[in-house]
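In case you want the letters, here they are:
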Amino acid sequence: MIIGALVLVPFLQIPSFTGFGQLALFSASIAVFGTFIYLGEIARNGKYTDVCYDQYTAPSIMANIANMAFTYGGHGTFPEQVREMKDPNDFFRGFDILYGVAMPFYTVCALVSFWAFGNMNSANYIENLMDNNIVKVNLYLSLLSGLPIIVLGQVVILLQLEIPAGILPTDWWVNRSQNEGQLATFLRSTKLSPVMIRFFFRTFYIGVLLLLAEMLDDAGLGTIVSISGAIGLAAMTYWLPFVLALKLDWEEYKSKPGLVAWYSLLAFGGIFISVTGVVFNVIDLAEGSFQLFTEVSCQENAEFWGNDMWKSTVPVDSRAYRVLVVGCCQNGTTCGD
């Protein structure tokens, strides 16, 4: 975790979304590359030797709904992206193009992967593949390309704190803020450059996150993150935009009952995703272990199931057989893990 935090520090010094342009292109290119590797491995090896399509549990269904919902997240960063654009109207055209390309990719991958892996399909797509050189290349590239994505969501939070304090994303060595607030005035009086204040503040922010991660690593950290996502991400993506639209422009919408009904239906669907995500993750949290400052194995979700599952006969003494063939095909307890 400490190494990961240190690697994130330089990425977090990028002041705003504008500086993420080329990094975003790099991350998107690696995502496309990874998709072709994934589909190529399935085309080369076919479906698993022992695969099932009819074993599932209510928690696994809800977990996968949450995973699919998470795929279309990120809307909480849209207002800041629009604010920084030269022509904000271009955002909607870009959004349509993005989803026009991404949706076919998602659909193809969903259909092909279910055919190949059935209920054994993992949320971490690399886990279903074999451990070979091309998959490793994709794994390492994905690690690098994932760092800007991790940081991107934090920039919105940081800007909300920095701008009122007179630390503008456009300032580097000279503080040009006209903010007369008490904190902004104090920071200008220190004569520290915005880049230095930004460095100290954002590094401290990473340190706080690292402390929390170390503290909660074996106390349901992943589940707590999922609960936060079920509340915040699902709200910003699936129901809050429709609620706000109806609230802020009610005079316009009240004469369009069909649109009001449609927005209401979408909002209730989003609330369902939020509620189910919170409920099932709270159950997982209650049933899990709770030990503060206890490190868990780094091997979590580090399997290459394809090493055994693509063999002509799955070895009965392998972990893949115990977890997937017995756990998933026979009783459904590990399906979708």
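For the structure itself, consult the block above.
As a starting point, this report considers the structure included with it. Note that the structure is predicted; figures quoted are calculated from it, not measured.

Of regular secondary structure, the protein possesses 13 helices and 0 strands. Starting at the N terminus and ending at the C terminus, the protein contains elements arranged as α-α-α-α-α-α-α-α-α-α-α-α-α. Along the first, second and third principal axes, the C-alpha atoms of the protein reach 70 × 55 × 40 Å. Here the protein holds 337 residues, and the buried ones make up 34% of them. Once local pairs closer than 6 in sequence are excluded, the contacts in the protein between residues at least 24 apart make up 76%. Accessible surface, the protein: about 19700 Å² in total, of which carbon and sulfur atoms supply 69%. Side-chain charges in the protein split into 17 positive and 27 negative, and the spacing between the mean points of these groups amounts to 9 Å.

Bringing the packing of aromatic side chains into the picture now. Per the counting criterion, the structure on display carries 13 aromatic pairs. Aromatic side chains Y48 and W310 sit 5.5 Å apart centroid to centroid with 80 degrees between the ring planes, which places their arrangement in the edge-to-face category. In this pair, Y48 is assigned in the loop between α2 (21–45) and α3 (58–71) and W310 in the loop between α12 (306–309) and α13 (319–330), connecting sequence segments 262 residues apart. With respect to burial, Y48 and W310 carry one shared label: buried. Arranged with centres 5.3 Å apart and planes meeting at 55 degrees, the rings of F242 and Y263 form a pair that is tilted. Separated by 21 residues along the polypeptide, F242 in helix α9 (residues 221–248) and Y263 in helix α11 (residues 257–287) bring together distant segments of the chain. Here the aromatic residues Y38, Y48, F117, Y125 and W310 are joined through ring pairs into a cluster of three or more.

With that settled, the discussion passes to the pattern of salt bridges. By the definition in use, this model includes 9 salt bridges. Note that E162 is salt-bridged to R202, the shortest N-O span being 2.8 Å. Here the residue E162 occupies a position in helix α6 (residues 133–162), and R202 occupies one in helix α8 (residues 194–216), the gap between them amounting to 40 residues. On the basis of relative accessibility, which here comes to 5%, the residue E162 falls in the buried class. Put simply, E303 and R319 hold a salt bridge, and the shortest N to O gap is 2.6 Å. Of this pair, E303 sits in the loop between α11 and α12 while R319 sits in helix α13, and the two are 16 residues apart along the sequence.

For the rest of this paragraph, the subject is the packing of α9 against α11. Contact geometry for α9 and α11: axes closest at 8 Å, N-to-C directions at 170 degrees. The angle between α9 and α11 places the two elements in the roughly antiparallel class.

A grouping of F268, I271, V275, V279 and I283 is seen on the molecular surface, where their side chains present a nonpolar patch of about 430 Å² in accessible area. Here V279 is to be found in helix α11.

Time to look at the packing of α2 against α6. At a minimum axis distance of 9 Å, the contact between α2 and α6 shows a crossing angle of 150 degrees. It follows from the interaxial angle that α2 and α6 lie roughly antiparallel. Taken as a pair, α2 and α6 cross one another with a handedness that is left-handed. Facing α2, whose interface residues are L23, F26, S27, I30, F33, G34, I37 and E41, α6 presents I134, V135, N138, L141, S142, L144, S145, P148 and I149. Residue classes in the contact of α2 with α6 are distributed as 11 nonpolar, 5 polar and 1 charged.

The biggest cluster of nonpolar side chains holds 23 residues, and the ones touching the most others in it are Y48, F117, M120, W305, M309 and L324. Sorting the residues of this core by element identifies α2, α5 (90–117) and α13 as the ones contributing at least two each. Looking at which element gives the most residues to this core, the answer is α13, with 6 residues. A5, V9, V151 and V155 belong to the second-largest nonpolar core, a separate cluster that totals 15 residues.

Let's shift gears to the side chain of S274. Here S274 is to be found in helix α11. Beyond its immediate chain neighbours, meaning those up to four positions away, S274 contacts A230, I231, A234, A235 and W239.

A separate point is unusual backbone geometry. Not every positive phi belongs to a glycine, and K191 is a case in point at roughly 65 degrees. Assignment of secondary structure puts K191 in the loop between α7 (182–189) and α8. Residue classification places K191 among the exposed residues on the basis of a relative accessible area of 72%.

Before going further, it helps to spend a moment on the environment of G153. Mapped onto the secondary structure, G153 falls in helix α6. Taking the relative accessible area as the measure of exposure, G153 reaches 34% and is therefore partly exposed. It is 6.6 Å that separates the C-alpha atoms of G153 and T77, two residues lying 76 residues apart in sequence.

About the thresholds
Residues numbered from 1 in each chain as written. Predicted model: local features only at pLDDT ≥ 70, side-chain atom pairs only at ≥ 80, totals over all residues. Heavy atoms only, no water. Helix = DSSP H or I, 4+ residues; strand = E, 2+ residues; numbered from the N terminus. Buried < 20%, exposed > 50% of the residue type's maximum accessible area, 1.4 Å probe, protein only. Contact = heavy atoms within 4.5 Å. Areas by Shrake-Rupley, 256 points an atom, 1.4 Å probe, with all protein chains shown as cover. Lys, Arg positive; Asp, Glu negative; His and termini not counted. Charge placed at Lys NZ, Arg CZ, Asp CG, Glu CD. Phe/Tyr/Trp six-rings, centres within 6.5 Å; stacked < 30°, edge-to-face > 60°. Salt bridge = Lys/Arg side-chain N within 4 Å of Asp/Glu carboxyl O. Axes fitted to C-alpha atoms, helices over the stretch in contact; angles between N-to-C directions. Parallel < 35°, antiparallel > 145°, perpendicular 65-115°, else oblique. Patch = residues over 30% accessible without salt bridge, like charges linked within 9 Å, V, L, I, M, F, W, Y side chains within 5 Å. Left-handed = near helix turned anticlockwise from the far one by under 90°. Nonpolar A, V, L, I, M, F, W, Y, C, P; charged D, E, K, R; others polar. Core = buried A, V, L, I, M, F, W, Y, C linked by side-chain atoms within 4.5 Å.

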